[in-house]
Amino acid sequence: MNESASSPRNEQPQLFAELAGSGPEKVAPPSRGVARVLLEETALELDYLIPEALAHRVSLGSRVHIPLQGRKAVAVVVQLLDSSPFGGKLRPISDTITSRPMFTGPLLKMANWMATYYLCPVRQILRTMLPEAVRSKPESFLSDSHITLVGKPSADEIAKLHKAAPVQARIIDLLQANGNESTLSYLRKQLPRATQVIHVLVNKGLVTRSEVRVERDPFQEEEFLPSAPLTLTEEQAVVFAGVLKALEQPLEARPILLHGVTGSGKTEVYLQAIGRVLEKSKTALVLVPEISLTPQTIERFKCRFAERKQRIAVLHSHLSDGERHDEWFKIHEGRADIVIGARSAIFAPLENLGIIIVDEEHEPSYKQEEAPRYNARDLAVVRGKMENCVVLLGSATPCLETFENARNGKYDLLSMIRRTDGKELPLIRIVDMRLEKRKTKDGFSILSEKLRLAIQGRLDKGEQTILFLNRRGFHTALSCMECGVVCQCEDCAVPFTFHKKEGRLVCHICGMRRLAPRKCEACGEAKLSYTGYGTERAEETIRTVFPQARLARVDTDTMQRKNQLRDTLRAFRSQKLDILIGTQMIAKGLDFPNVTLVGVLNADLALSMPDFRAAERTFQLLTQVAGRAGRGERKGEVYIQTSTPHSPAVQFARHGDYVGFTEQELEQRQQWHYPPYTHVVLIGSRGKQANHAEFALQTLAGRLKQNLPADTRMGEPCPSPLEKAHGQYRFQLMLRTEKIRPLVAHLQRTLSELTFPEDVIVTWDVDAMSLL
Ligand code: ADP
Ligand code: ZN
């Protein structure tokens, strides 16, 4: 079975003749009487008549109901025709689901592009493009009543009313205080009986009542103080001029890579660029990694554009379904001109786009790890082309693919190497943990002598420290001292992590929890030993070493409660805490002026990943983490604990040398035929029966080998680094090619000729980011 299609033959990526070609959107002439629709559930394409009564509502991208075998089915209009080549009698479309088309022309075009690039059925892509709440309950808005005071009672009458019917009088008071109008829900909050009493007032002719739609606005309660554009620094001014030039001539403009160190003022450039876009009556789409999409980030945009804060839509995973529904419709109905969102916001149905900005463009979270496995950063470039708008990719550590595009002239490169506050980058010190470990009895050390002294120094001076460790839990393994067998999750074949507070072993892949065994389950010996450490144990160590320090740990284990993260960060900012220890949740975007020390407890974790991007990830992580130190008046210091102090990622990060690191890493990538010099297509198979999954992949590999496009390198099917997860055995096959389209076409043909056993799932990932 294929993950995205039970029968790939029926689900070839569609090519919409109407949409092929580039350039500005062609508007379909209105007179066409036939719509070709794509059925959402079966991926069939069928032709239907557009009845006269619906002529003004049905257009490309409309979602419609159609009669099909005695019932109603949902479909999307993908083509408009004068007549149907199928002949026969066509049945009419029953109705449209919303009055405007749910997919804009460029989005339909992008769906089509994605289908052939990522090899995924169009209907699945269209499904991904709409939030679940929008798809299943379109236009299910909340409503409220608008109450207007129309009668003009005199002061005398009101005084009388206060005695005879006090609630009625109170309502009139409230309305008068409110400019003679209010919503019913507001009145009810003041006076629980308002609903019944309004009824009386309506009958008396004193007030009128009309139903209005209410938006679920996640920021309803917030105040936004307007902020004025800052005077740009010299570097910012140069960059801004480059962006303006592109905005003047978007047709000729290439995507722009803005490489700017942390604190160089990229966000200010984004804000001013958006300002210009709005002046031209165009719209702006801003993508931010989910983890950076904090209230502060949103606030910065809402404050700068305070006068139109209602016209900013925000899309991210913490919204309720209702809020997401309302934000989406705000965009759909043209009531938003700025959209800020995480990955899937790349599908926001904004029209008239002037700019797409992708902040932290190197972030792996822009890649969706389930079908369709798209990368929103890449889609930004694709969509930008289809919308003829400017694309601005920003990062302190651009990913190698993007940097190479800038080197070879596909993108324009603009750089900012100075922080706006004129601060130097923090001093980075490398601590060789091999030496530290020799100093201890058991060869184990969480905290080096050097880092310990540095922390002590901060505590003495009342300055703050951030400690970073990208692994949760207490011990990261439990193994038998006799036979060496590691206690692992049966479903996932990864070692259990011991969580002390919970007193349980936890699988970090599937979440399974169990008590620790008393004896080795392999040999029966009772000599078990815990090894390795995560944030929970590091916290305990720090508490023991610095009993007087005020300390908080930030990871997904401690941040379960809704506002816990926000509250903890606030406490840290207001210096009620001395030390913050945490996972990547604290690596990004946080700006604390009193933090003068950042410690990376174990830089080797990222380096030892079985992934050709391990060095790149480590460099990015260290650079990002280092950016947290010395944001205020005092200079910052960073300590990186590692057992591989001479690795290039560590050394270049130490010198803040992005270009140096990247150039030498690119050389390696080229030599070994890795991205950006090739595209990686990772094919996976998984199933409860290892031999079934393996055999399926071997069969596929065997078929692929025949007629493999000339420049493609194909590995051998082998167990994935994560061999087993959720009870399924996993295998993978890596292909690398310079020309992606012939390979995808070959893969598509091959897949369509094969059927896999029902209990095996085969997946494919074009431009794979995760190699697990
Ligand atoms: P980045 O996005 O590159 O990390 P930011 O845009 O967040 O940088 O800017 C970092 C800090 O510098 C912020 O506090 C911001 O208000 C300030 N800043 C940015 N541009 C200017 C400027 N032109 N003049 C003064 N301060 C600025
Ligand atoms: Zn598991």
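1. Re the coordination of the zinc ion (ligand 2)
All of the protein donors around the zinc ion (ligand 2) are Cys-489 (SG), Cys-492 (SG), Cys-507 (SG) and Cys-510 (SG); their distances to the metal are 2.2 to 2.4 Å. Taken together, the 4 donor atoms coordinating the zinc ion (ligand 2) and their angles of 106 to 115 degrees define a geometry best described as tetrahedral. Ordering the donors of the zinc ion (ligand 2) by residue number gives the pattern C-x2-C-x14-C-x2-C. Of the two residues, Cys-489 is situated in the loop between strand S18 (477–480) and strand S19 (497–499) and Cys-510 in the loop between strand S20 (504–506) and strand S21 (513–514); the sequence distance between them amounts to 21 residues.

2. Let's talk about the site of ligand 1
Within the structure, ligand 1 sits among 15 residues, and Thr-231, Gln-236, Lys-266, Thr-267 and Thr-420 are positioned closest to it. Between ligand 1 and the protein, one listed contact pairs a nitrogen atom with a side-chain N or O atom of Gln-236 at 2.7 Å. Taken by itself ligand 1 offers 560 Å² of open surface, and the protein chains cover 71% of this. In terms of residues, the shell around ligand 1 owes the most to one element, helix H9 (residues 266–279), which gives 3 residues. When the residues that make up the shell around ligand 1 are grouped by side-chain class, the tally is 3 nonpolar, 9 polar and 3 charged.

3. Focus: the packing of helix H1 (residues 105–118) against helix H2 (residues 122–129)
A pair of packed helices is captured by two measures, namely the crossing angle of their axes and the spacing between those axes. Look at H1 against H2: their axes get within 9 Å of each other, and the N-to-C directions meet at 130 degrees. Viewed along their axes, H1 and H2 adopt a mutual orientation that is oblique. As for the relative orientation of H1 and H2, their crossing is right-handed in sense. Seen from H1, the contacting residues are Leu-107, Leu-108, Met-110, Ala-111, Met-114 and Ala-115; seen from H2, they are Val-122, Ile-125, Leu-126 and Met-129. Residues belonging to the contact of H1 with H2 are distributed by class as follows: 10 nonpolar, no polar and no charged.

4. Some thoughts on the packing of H1 against helix H12 (residues 376–387)
The interhelical angle for the contact between H1 and H12, taken along N-to-C directions, is 135 degrees, at an axis separation of 10 Å. In this view, H1 runs oblique relative to H12, as classed from their interaxial angle. H12 is crossed by H1, and the crossing has right-handed handedness. Judged by residue contacts, Pro-106, Leu-107, Lys-109, Met-110, Trp-113, Met-114 and Tyr-118 of H1 engage Asp-378, Leu-379, Val-382, Arg-383, Met-386 and Glu-387 from H12. Partitioned by chemical class, the residues of the contact of H1 with H12 number 9 nonpolar, no polar and 4 charged.

5. Describing the packing of aromatic side chains
Ring pairs (aromatic) are described by centroid distance and by the angle formed between their planes. In this structure the tally under the stated criterion is 13 aromatic pairs. Ring centres of Phe-619 and Phe-661 lie 4.5 Å apart, and the angle between their planes is 0 degrees; this geometry places the pair in the stacked category. With Phe-619 in helix H19 (residues 614–626) and Phe-661 in helix H21 (residues 658–671), this residue pair connects regions lying 42 residues apart in the sequence. Here Phe-619 and Phe-661 have matching classes, each one buried. Through successive ring pairs, a cluster of aromatic residues spans Phe-403, Phe-619, Phe-652, Tyr-658 and Phe-661.

6. Describing unusual backbone geometry
Glycine aside, a negative phi is what most residues show, and trans is what most peptide bonds show. In this structure, Pro-372 follows Ala-371 across a cis peptide bond, with omega equal to -5 degrees. Tracing the backbone shows Pro-372 in the loop between strand S13 (353–359) and H12. In this model, Pro-675 is joined to Pro-676 through a cis peptide bond whose omega is 5 degrees. Here Pro-676 lies in the loop between H21 and strand S27 (679–687). Even without being a glycine, Glu-360 presents a positive backbone phi close to 50 degrees.

7. Some words on the sheet that holds strand S5 (residues 95–96)
Sheet architecture is open: 5 strands sit in the order S2-S1-S4-S3-S5, paired in antiparallel fashion. Both edges of this open sheet fall to strand S2 (45–49) and S5, since each of them pairs with a single strand only.

8. Focus: the sheet that holds S21
The strand order across the open sheet built from 3 strands is S19-S20-S21, with neighbouring strands paired in antiparallel fashion. Only two strands of the sheet have a single partner each, and these edge strands are S19 and S21.

9. Points about the nonpolar core
Formed by 129 residues in total, the largest nonpolar core has its most connected members in Met-110, Met-129, Leu-285, Ile-346 and Ile-683. Per element, the largest residue contribution to this core is 8 residues, and it comes from H1. Other than its neighbours up to four places away in sequence, Ile-346 contacts Leu-107, Met-110, Leu-285, Leu-287, Ile-356, Tyr-374, Ala-376, Leu-379, Ala-380 and Arg-383.

10. Regarding the pattern of salt bridges
If you walk through the whole model with that rule in mind, you get 44 salt bridges. When the shortest N-O distance is used, the salt bridge between Arg-213 and Glu-333 registers 2.9 Å. Of this pair, Arg-213 sits in strand S8 (residues 207–214) while Glu-333 sits in the loop between helix H11 (321–332) and strand S12 (338–341); the two residues are 120 residues apart in sequence, bridging distant segments of the chain. By relative accessible area, Arg-213 is classed as partly exposed at 39%. Between Glu-665 and Arg-669 there is a salt bridge, and its shortest N-O distance comes to 3.5 Å. Within this pair, Glu-665 and its partner Arg-669 are both found in helix H21, separated by 4 residues, close to a single helical turn.

11. Here we look at helix H23 (residues 740–752)
Here H23 spans 18 Å end to end across 13 residues, near enough to the 18 Å set by a 1.5 Å rise per residue. Listed in full, the buried residues belonging to H23 are Ile-740, Leu-743, Val-744, His-746, Leu-747, Gln-748, Thr-750, Leu-751 and Ser-752. Packing partners of the buried residues in H23 comprise H1, S27, helix H22 (690–705), strand S30 (728–737) and strand S31 (760–766).

12. Considering the side chain of Arg-377
With respect to the helices, strands and loops of the structure, Arg-377 is situated in helix H12. Of the residues examined, Arg-377 reaches a relative accessible area of 5% and is grouped as buried.

13. Some words on the side chain of Ser-395
With respect to the element layout, Ser-395 can be found in strand S14 (residues 390–395). Taking relative accessible area as the criterion, Ser-395 reaches 1% and is therefore assigned buried. A distance of 2.7 Å separates the side chain of Ser-395 from the side chain of His-362, its partner in a polar contact. If we ignore the near neighbours within four places in the chain, the residues touching Ser-395 are Leu-258, His-259, Gly-260, Lys-266, Glu-360, Glu-361 and His-362.

Calculation notes
Residues numbered from 1 in each chain as written. Chains lettered and ligands numbered in written order. Predicted model: local features only at pLDDT ≥ 70, side-chain atom pairs only at ≥ 80, totals over all residues. Heavy atoms only, no water. Donors = N, O, S within 2.8 Å, 3.2 Å for Na, K, Ca; no water. Tetrahedral: all angles 85-135°; square planar, octahedral: opposite > 155°, others 65-115°. Helix = DSSP H or I, 4+ residues; strand = E, 2+ residues; numbered from the N terminus. Near = heavy atom within 4 Å. Polar contact = N/O pair within 3.5 Å; in protein donor to acceptor, adjacent residues only side chain to side chain. Areas by Shrake-Rupley, 256 points an atom, 1.4 Å probe, with all protein chains shown as cover. Nonpolar A, V, L, I, M, F, W, Y, C, P; charged D, E, K, R; others polar. Axes fitted to C-alpha atoms, helices over the stretch in contact; angles between N-to-C directions. Parallel < 35°, antiparallel > 145°, perpendicular 65-115°, else oblique. Left-handed = near helix turned anticlockwise from the far one by under 90°. Contact = heavy atoms within 4.5 Å. Phe/Tyr/Trp six-rings, centres within 6.5 Å; stacked < 30°, edge-to-face > 60°. Buried < 20%, exposed > 50% of the residue type's maximum accessible area, 1.4 Å probe, protein only. Pairing = 2+ DSSP bridges. Core = buried A, V, L, I, M, F, W, Y, C linked by side-chain atoms within 4.5 Å. Salt bridge = Lys/Arg side-chain N within 4 Å of Asp/Glu carboxyl O. Expected span 1.5 Å × (residues − 1).

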